[in-house]
Amino acid sequence: MEFFRIKRDIPFMRHALVLNLVSLITFVAAVFFLFSRGLHLSVEFTGGTLMEVSYSQPADLNSVRSTVATLGLTDVQVQNFGTARDVLIRMPVQKGVSSAQQSDRVMAALKTADSTATMRRSEFVGPQVGDELATDGLKALAFVIAGIMIYLAIRFEWKFAVAAIIANLHDVIIILGFFAFFQWEFSLPVLAAVLAVLGYSVNESVVIFDRIRENFRRYRKMNTVEIINNAITSTISRTIITHGSTQLMVLSMLFFGGATLHYFALALTIGILFGIYSSVFVAASIAMWLGIQREDLVKGGAKKDEDPNDPNAGATV
């Protein structure tokens, strides 16, 4: 299915150096903000008070957030837990205020707003739990990266594996850079979104790499730059349809999913946009600069050269 068929190959690699310089500047800026400002970690990572409150009727989360905000508490997470009548509230640590005092103040305010509010449990989440979560998150990220590199090295060639990982890390660091610059809250759902972007981005790279390998087999007279340009151009229709549909779904979560899904959807939105960019301009160009060639991917003889714009090229009877 090609809704956006392009008859002539677009010379993407002609502008590879300029576009990768832009990527490098963006990447360096993201790293700078990560070290200078750091991530604004949520309660899961820093520790705090966790409350579970039950109502007789479905709870109005916006009303609960407004009530808690009147107490001067910031960075409070409010979400449904189990059913629409159960609410989970996460609050960061306050200096000079114990966890019990903090939960009592919040509970008193919630009862004033709705007398049916009942506290089911209240507990303190220590910072050591947050350290463990951060460590486990880094381990998960490392395992994902290692798995992707092994997969690509086996399926294609080590140069593609290196190119894809550099491109994917480019996406991850830029997402983290946005969160550090704007001091958006970095929570477990955001970490899940970052891991999802890794898998999502590598999928686009695999599609392009697979077409590059196929082109090397089909067009013996085309050089590497022409092969890559043709591969990217011929997959543009698929890229627009796939990523456009995914982005529409993610944007619906961003605008209509409420506060609970806001930063999760925001991380996915940034990741998808930069994932398309990195797969086309970063991964492919790095593979080109690493010297990918026909001999790396094609074992044995190759087919006779054919017209890349011929829809029947490569067809067998």
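Residues numbered from 1 in each chain as written. Predicted model: local features only at pLDDT ≥ 70, side-chain atom pairs only at ≥ 80, totals over all residues. Heavy atoms only, no water.

Quick notes on the nonpolar core
Operational definition: Here, the term nonpolar core denotes a set of buried Ala, Val, Leu, Ile, Met, Phe, Trp, Tyr and Cys residues that are joined through side-chain atoms within 4.5 Å. Partly exposed describes any residue whose relative accessible area lies between the buried limit of under 20% and the exposed limit of over 50%, with all areas from a 1.4 Å probe on protein chains only and scaled to the type maximum. Working definition: helices are DSSP H or I runs of at least four residues, strands are E runs of at least two. Numbering for both runs from the N terminus.
The biggest cluster of nonpolar side chains holds 60 residues, and the ones touching the most others in it are Met-13, Leu-152, Phe-160, Phe-209, Ile-212 and Ile-232. The set of elements that each furnish at least two residues to this core consists of α5 (127-155), α6 (158-182), α7 (188-218), α8 (224-234), α9 (236-256) and α10 (258-289). Core analysis: the next-biggest nonpolar cluster, separate from the first, contains 16 residues, Met-51, Leu-73, Val-78 and Met-91 among them.

Considerations on the layout of surface pockets
The condition that has to hold: Grid points spaced at 1 Å and placed over the protein atoms alone form the basis of the search, with a cavity being a set where a 1.4 Å probe fits but cannot get out and a pocket an open set showing protein on both sides within 12 Å along at least five of seven lines. Lining residues have an atom within 4 Å of a point. Grid points are joined across faces, edges and corners, and a volume is the space filled by probe spheres set on the points. Only Asp, Glu, Lys and Arg are considered charged in this grouping, and only Ala, Val, Leu, Ile, Met, Phe, Trp, Tyr, Cys and Pro are considered nonpolar; every other residue, Gly among them, is considered polar.
Estimated volume of the largest pocket: approximately 420 Å³. Around the largest pocket sit 21 residues that line it, and Val-76, Gln-77, Glu-185, Ala-259 and Tyr-263 are the ones nearest its centre. Broken down by secondary-structure element, the contributors of at least two residues to the lining of the largest pocket are β3 (77-81), α7 and α10. Here the element with the most residues in the lining of the largest pocket is α10; it accounts for 5 residues. A class-by-class count of the residues in the lining of the largest pocket yields 9 nonpolar, 7 polar and 5 charged. Counted as a void, the second largest pocket has a volume near 360 Å³.

Remarks on the side chain of Arg-294
Definition in use: Counting rule for charge: Lys and Arg are taken as positive, Asp and Glu as negative, and neither His nor the chain ends is counted. In the sections that follow, a salt bridge refers to a side-chain nitrogen of Lys or Arg positioned within 4 Å of a carboxyl oxygen of Asp or Glu. Residues adjacent in sequence count toward polar contacts only when both atoms are side-chain atoms; beyond that, a polar contact is any pair of N or O atoms within 3.5 Å, and within protein one must be able to donate a hydrogen and the other to accept it.
Along the chain, Arg-294 turns up in helix α11 (residues 294-297). Although Arg-294 is buried, it makes no salt bridge; Glu-295 carries the closest opposite charge, 5.6 Å away. At 3.4 Å, the side chain of Arg-294 and the backbone oxygen of Arg-220 are in polar contact.

Some thoughts on the packing of α7 against α9
Rules: Axis geometry follows a simple rule: fit a line to the C-alpha atoms, using only the stretch in contact for helices, then measure angles between N-to-C directions, giving values from 0 to 180 degrees. When describing relative orientation, an angle under 35 degrees is termed roughly parallel and one over 145 degrees roughly antiparallel, while 65 to 115 degrees is termed roughly perpendicular and anything else oblique. Contact definition: two residues touch when any of their heavy atoms are within 4.5 Å.
Orientation of α7 relative to α9, taken along the N-to-C sense of each, is 170°, at an axis distance of 12 Å. In terms of orientation, α7 lies roughly antiparallel with respect to α9. Contact residues: Tyr-200, Asn-203, Glu-204 and Val-207 in α7; Arg-238, Thr-239, Thr-242, His-243 and Thr-246 in α9. Considered class by class, the residues forming the contact of α7 with α9 number 2 nonpolar, 5 polar and 2 charged.

A word on the packing of α7 against α8
Counted only if it meets this: Crossing handedness follows the turn of the near helix against the far one: under a right angle anticlockwise gives a left-handed crossing, and clockwise gives a right-handed one.
Here α7 crosses α8 at 130°, and the two axes come no closer than 9 Å. Between α7 and α8, the interaxial angle falls into the category oblique. Seen along the crossing, α7 lies across α8 with a hand that is right-handed. Contacts between α7 and α8 involve Ile-208, Arg-211, Ile-212, Asn-215 and Phe-216 from the former and Thr-224, Ile-227, Ile-228, Asn-230, Ala-231, Ile-232 and Ser-234 from the latter. A per-class count over the contact of α7 with α8 returns 7 nonpolar, 4 polar and 1 charged.

A closer look at the packing of aromatic side chains
Worth spelling out the cut-off: Pairing of aromatic side chains here covers Phe, Tyr and the six-membered ring of Trp, requires ring centres within 6.5 Å, and sorts the geometry by plane angle: under 30 degrees stacked, over 60 edge-to-face, intermediate tilted.
For the coordinates displayed, the defined rule picks out 14 aromatic pairs. Judged by centre distance (6.1 Å) and plane angle (55°), the rings of Phe-178 and Phe-274 are tilted. Here the residue Phe-178 occupies a position in helix α6, and Phe-274 occupies one in helix α10, the gap between them amounting to 96 residues. Overall, Phe-178 belongs to the partly exposed group, its relative accessible area being 28%.

Topic: the confidence of the model for the protein
Note the following rule: Per-residue confidence from the predictor is given as pLDDT, running between 0 and 100.
The predicted model of the protein averages 84 in pLDDT, with 91% of residues at 70 or higher. Of all the helices and strands in the protein, helix α2 (residues 43-46) carries the lowest mean pLDDT, 77, while helix α1 (residues 16-36) carries the highest, 93.

Quick word on the sheet that holds strand β4 (residues 83-92)
Note on sheets: strands pair through backbone hydrogen bonds, and any given pair is parallel or antiparallel. What counts here: Strands pair, by our definition, only if DSSP identifies at least two bridges between them.
Taken together, the 4 strands give an open sheet; going across it, the order is β3-β4-β2-β5, and neighbouring strands pair in antiparallel fashion. Each end of this open sheet is capped by a strand with a single partner; those strands are β3 and β5 (118-125). Between one strand axis and the next, the sheet turns by 20° as a mean value, whatever way the strands run. Pairing of strand β2 (residues 48-54) with β4 involves 7 bridges; the strand directions are antiparallel.

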